[in-house]
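# Analysis of the macromolecular model
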Amino acid sequence: MSDITQSGPVLAADGRPLKRSLARALRMQKLRALLLIAPLLLFILVTFILPVADMLFRSVENRIVQDTLPRTVEVLADWDPASGQLPEEAAFAALAADLKEAANVKTHTKVAKRLNYENPGLSSVFRKSGRKVKNWDIANDGPFREKLIELNDGWGDVELWRTIKTYSGTFTSGYFLNAVDMRLGAEGPEVRPENERIYNTMLIRTMRMSLIITFSCIMLGYPVAWILANLPTRQANLLMILVLLPFWTSLLVRTSAWKILLQQQGVINDTLVWIGLVDDANRLVLINNELGTIIAMTHILLPFMILPMYSVMQTINPSYLRAAKSLGATDWTAFWRVYFPQTVPGIGAGSILVFILAVGYYITPALVGGTKGTFISNLIAYHISTSGNWGLGAALGAILLAVVLALYWVYDKIVGIDNVKLG
Amino acid sequence: MADASNVDAFVEFERVQKSYDGENLVVKDLNLTMPKGEFLTMLGPSGSGKTTCLMMLAGFETATHGDIRLGGTSINNIPPHKRGIGMVFQNYALFPHMTIAENLSFPLEVRKMGKSEREAKVKRALDMVEMGAFGGRRPSQLSGGQQQRVALARALVFEPELVLMDEPLGALDKQLREKMQFEITHLAHSLGITVVYVTHDQTEALTMSDRVAVFDDGRIQQIAPPDQLYESPDNSFVAQFIGENNTLEGTVKEINNGIALVQLDDGELIDCKPVNVSRPGERTRVSIRPERVEYNKERLQEGVHTLKAEVLEFIYMGDIFRTRLRVAGNDEFIIKTRNAPDQVRLQPGQQIEIGWLPEDCRALDA
Ligand SMILES: Nc1ncnc2c1ncn2[C@@H]1O[C@H](COP(=O)(O)OP(=O)(O)OP(=O)(O)O)[C@@H](O)[C@H]1O
Ligand SMILES: [Mg+2]
């Protein structure tokens, strides 16, 4: 009794505070649990968290200009590009020195490539000059202003110097601005000219098509999940195999099959022409456009919608529907007021899964999307593997990540994330 | 057999059969007539077809053969939602995504009732089961007994004339069960509704019902008021199923003046009331209730046959004594005696003679 009435902390039998004894007892347990999941944690760290962090870092990182052209960057700090005047001789001298050094270790092409993303044409100026400048004597050959302009009149362009100055910081918002069709102009961020805009359109198209695909999956998957949940076990298992069958065949094979079905000389068009629904001269364009991507991706992602819906529907006792009907509800009312609301968590889980997968999908749009049906991820892949502009790829990836997280947040606000059941 | 011309009949099953798989009949030739306002219980072992009958009445299963009538009209082709039958499910089936008030309001909404009228009825129904304070809660926030009350209120709120209940108290503990048994019968009688109640708890059936229909093997074995069912079972299944019962097997020797003389398998003779036997030579199973057995010689009738018995066990149960005997080779012969001041307490090993009134000993089918 005295234990309870005393004012201080509750004490354990040995006189130590109970809280501390409990923590000590639990620490061993927690440590052991941690050890068990340590391999997994390590795996996730190496394969997931680090790459994502690296991606986020790359999307703003910009050391290369500073590292390759240190003297130039320093001198240009005092120059005001808004004046419309070329920088002083000192800047040209510093550039010549930097360029000579860089050309010797061949890093001038890299900085050229980087700056070329921001100001197309800049790359050749660097490359051509680099070869010549390598042989100059920096100490004695001055002054360099005329010499450089003579070598390549690109150096007489104020815009070139502005680009170097703008992108001389350690970090840059340039990649992100680029990813939303903007750039750092003389007066801060500005929208790119019409003919250079592409990413916003792609991002919006990706979102719109992913939503359409998610919606199609709901419409097609709901009845299948319902049948699965209401068939006797044996037939349900058979049907389940059919649902899972796509997982057992290669994604490429399936996508190619869609090509055969959907192309203008394909099975579907042939059948429609044969029936007479479609004129031979006006065969339907079902592939290499948005429609093709939507059809093929809906098919591929359908199981991810069906499975969570099925697992939720399975837990709904049929007596709810009977109760609703005995209370006077028609079949439709019973479904809509009683059954459907209980399946919302399954629809939510399936939608999140399908949408997130769709937003990042890349093989199928690349194969059946043509030019009109490609996704933002196809551009990311292009920048990562073909153009080598990793920073832009990373920025696009980061934007995609942010959009998905934002949608997740919205979903949580509207439906509630604890209302999601995956099984 | 049901009498179709019966004007009082409210619920009628006429020659109803049901098969799920086309091979076995789950319900075989069911005939049943209920007047309005009756509380009828279907009692029977698991799998005897009680739920199936209820589902056919509610419209969730169709009868394979036969006719089901409600208020004189056949309901075979009326869909469940138009039958206007209230139903309480074993698992309550309260809609988990709706509050209690919304659950109760649901049947009124689908009947397109106005808002103020709905609210008044919901409130009245909740008050009736003493759940008025819980309207805003979700079913998962209620205890089992509270959910049960809500389910009852929901089945009654739209004022159906017929209410079906499928083991509504199955999930409750004994004390709550007894309380609810009382409340349900009380409500049913005060509202004047007709109730078909399913249970496999015989005490529940006996205490609640106007009549009990004992089911076995897809047939009604006997349908009678509780006292009649207990005291005059029609066959040995009912005798065994309802209450405690002693059975002895034997052969009918003769039947005279409504009394059958039965020779037990060990040769002893007893007097019985012939129920399911008509000819000498027939095999029979004799049934006697434990509290109708007498061992006090002075109270036994003159001239009746008695049996020798050995006391095996004496159990003191407070209000009664329960004594286990060996009678005619049966070690499970039980007698019950009231704990009265003049009552003799039998000792194990004691040899006694037992007897009974011939009408308490029923010669049933073997
Ligand atoms: N949907 C069904 N399909 C096939 N057979 C069924 C179905 N429902 C019930 N049965 C069978 O019909 C018989 C009667 O079942 P029913 O549910 O009516 O029994 P019950 O008397 O309610 O039993 P319990 O007391 O266990 O609830 C059982 O043998 C059961 O296996
Ligand atoms: Mg049942």
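Cut-offs applied
- Residues numbered from 1 in each chain as written.
- Chains lettered and ligands numbered in written order.
- Predicted model: local features only at pLDDT ≥ 70, side-chain atom pairs only at ≥ 80, totals over all residues.
- Heavy atoms only, no water.
- Helix = DSSP H or I, 4+ residues; strand = E, 2+ residues; numbered from the N terminus.
- Buried < 20%, exposed > 50% of the residue type's maximum accessible area, 1.4 Å probe, protein only.
- Contact = heavy atoms within 4.5 Å.
- Areas by Shrake-Rupley, 256 points an atom, 1.4 Å probe, with all protein chains shown as cover.
- Lys, Arg positive; Asp, Glu negative; His and termini not counted.
- Charge placed at Lys NZ, Arg CZ, Asp CG, Glu CD.
- Rg over C-alpha atoms; globule rule 2.2 N^0.38 Å.
- Domains from an automatic or database assignment.
- Buried area = accessible area lost by both parts, 1.4 Å probe.
- Salt bridge = Lys/Arg side-chain N within 4 Å of Asp/Glu carboxyl O.
- Polar contact = N/O pair within 3.5 Å; in protein donor to acceptor, adjacent residues only side chain to side chain.
- Nonpolar A, V, L, I, M, F, W, Y, C, P; charged D, E, K, R; others polar.
- pLDDT = per-residue confidence, 0-100.
- Pairing = 2+ DSSP bridges.
- Axes fitted to C-alpha atoms, helices over the stretch in contact; angles between N-to-C directions.
- Near = heavy atom within 4 Å.
- Phe/Tyr/Trp six-rings, centres within 6.5 Å; stacked < 30°, edge-to-face > 60°.
- Core = buried A, V, L, I, M, F, W, Y, C linked by side-chain atoms within 4.5 Å.

Quick look at the overall build of chain B now. When you go through chain B residue by residue, the secondary structure sums to eight helices and 19 strands. Over its C-alpha atoms, taken along the principal directions, chain B stretches across nearly 75 × 45 × 35 Å. Put simply, chain B has 366 residues, and 50% of those count as buried. In chain B, of all internal contacts separated by at least 6 residues, the share reaching a separation of at least 24 is 65%. As displayed, chain B has an accessible area near 16800 Å², and 46% of this comes from carbon and sulfur atoms. The average position of the 41 basic charges and that of the 53 acidic charges among the side chains of chain B differ by 6 Å.

Attention now moves to the overall build of chain A. Tallying secondary structure elements over chain A gives 20 helices and two strands in all. A globule of 423 residues ought to have a C-alpha radius of gyration of about 22 Å, yet chain A, at 31 Å, is considerably larger. Along the three orthogonal principal directions, the C-alpha set of chain A runs to about 100 × 95 × 35 Å. The buried share among the 423 residues of chain A stands at 39%. Considering only intrachain contacts with a sequence separation of at least 6, the fraction spanning at least 24 residues in chain A is 68%. Carbon and sulfur atoms make up 64% of the accessible area of chain A, which amounts to about 23400 Å² in all. Computing the positive centroid from 39 side-chain charges and the negative centroid from 32, chain A places the two 13 Å apart.

Turning to the domain arrangement of chain B, a few remarks are in order. All names here are of chain B. Taken as a whole, chain B is organised into domain 1 (9-236) and domain 2 (244-364). On a C-alpha basis, the centroid separation for the pair domain 1 and domain 2 is 39 Å. With eight residues of domain 1 at the interface, the matching set in domain 2 holds nine residues. Taking both sides of the interface into account, the surface hidden between domain 1 and domain 2 amounts to around 730 Å²; carbon and sulfur atoms contribute 42%. A per-residue breakdown of the area domain 1 buries against domain 2 is headed by Y230, P233 and S236, which together make up 63% of the total. Between domain 1 and domain 2 we count zero salt bridges in total. Summed over the shared surface of domain 1 and domain 2, the number is five residue pairs in polar contact (both at pLDDT 80 or more). For the side of domain 1 that touches domain 2, the element with the highest residue contribution is helix α7 (residues 226-231), accounting for three residues. Looking at the side of domain 1 that touches domain 2 residue by residue, the classes come out as three nonpolar, three polar and two charged.

A few words now on the confidence of the model for chain B. Scored by pLDDT, chain B has a mean of 90; 98% of the residues are at 70 or more. Among the prediction metrics, the complex's ipTM stands at 0.81, with pTM recorded as 0.78.

Residues and elements named next belong to chain B. The strand order β17-β16-β15-β18 describes an open sheet built from four strands, whose pairing is antiparallel. At either margin of the open sheet sits one strand with a lone partner, and together these are β17 (330-338) and β18 (351-354). Within this sheet the neighbouring strands show an average axis-to-axis angle of 45°, counted without direction.

What follows covers the domain arrangement of chain A. For chain A, the assigned domains are domain 1 (1-57), domain 2 (64-172) and domain 3 (199-419). Put simply, the middle of domain 1 of chain A and the middle of domain 2 of chain A, counted by C-alpha atoms, are 56 Å apart.

At the interface, 22 residues of chain B touch 17 residues of chain A. Our enumeration of links across chain B and chain A arrives at two salt bridges. Across the pair E109 of chain B and R337 of chain A runs a salt bridge, and its minimum N-O distance is 2.8 Å. For the interface between chain B and chain A, the tally reads four residue pairs in polar contact (both at pLDDT 80 or more). Sorting the residues of the side of chain B that touches chain A by element identifies β6 (85-88) and α2 (100-109) of chain B as the ones contributing at least two each. Grouping the amino acids of the side of chain B that touches chain A by side-chain chemistry returns 15 nonpolar, three polar and four charged.

All right, on to the pattern of salt bridges then. All names here are of chain B. In this structure the tally under the stated criterion is 40 salt bridges over all chains. In this structure, E159 engages K121 in a salt bridge whose closest nitrogen and oxygen atoms are separated by 3.5 Å. With a gap of 38 residues between them, E159 in the loop between α4 (144-156) and β7 (162-166) and K121 in helix α3 (residues 115-128) connect regions that are remote in the sequence. One continuous salt-bridge network, built from bridges that share partners, spans E12, E14, D67 and R69.

It is worth spelling out the site of ligand 1 at this point. All names here are of chain B. Taken together, the neighbourhood of ligand 1 is formed by Y20, V26, S46, G47, S48, G49, K50, T51, T52, E167 and H200. Note that an oxygen atom of ligand 1 is positioned 2.4 Å from one of the side-chain N or O atoms of S46. Within the side chain of T52, a nitrogen or oxygen atom sits 2.5 Å from an oxygen atom of ligand 1. Taking 630 Å² as the accessible area of ligand 1 by itself, protein coverage stands at 57%. Broken down by class, the residue content of the shell around ligand 1 amounts to two nonpolar, seven polar and two charged.

On to unusual backbone geometry. Residue and element names in this part refer to chain B. Although it is not a glycine, E130 adopts a positive phi angle of roughly 60°. As for its position among the elements, E130 is in the loop between α3 and α4. According to the relative accessible area criterion, E130 is exposed, its value standing at 57%. Of note, the phi angle at E167 is positive, near 40°, even though the residue is not glycine. Residue placement: E167 occurs in the loop between β7 and α5 (174-191).

On to the packing of aromatic side chains. Here the structure, examined in full by the defined rule, presents 19 aromatic pairs over all chains. Summarising the aromatic geometry, the rings of W336 of chain A and F340 of chain A are spaced 4.7 Å apart at their centres and angled 20° between planes, so their arrangement reads as stacked. With W336 of chain A and F340 of chain A both in helix α17 (residues 331-359) and four residues apart, this pair spans about one turn of that helix. Geometrically, the ring pair formed by F314 of chain B and F321 of chain B is tilted, given 5.2 Å between the ring centres and 55° between the ring planes. Taking relative accessible area as the criterion, F314 of chain B reaches 23% and is therefore assigned partly exposed. Through pairs of rings, three or more aromatic residues link up here, namely Y222, W332, F335, W336, Y339 and F340 of chain A.

In this section: the nonpolar core. Core analysis: the biggest nonpolar cluster contains 104 residues, and L301 of chain A together with L57, F95, F106, L162, L164 and V196 of chain B have the highest contact counts within it. When residues of this core are assigned to their parent elements, the largest contribution, ten residues, is made by helix α15 (residues 290-314) of chain A. With residues near it in sequence (within four places) discarded, L57 of chain B still touches V11, F13, I68, I75, R83, I85, L162, L164 and V196 of chain B. Formed by 28 residues, the second largest nonpolar core is a distinct cluster that contains A91, F92, V111 and W155 of chain A.

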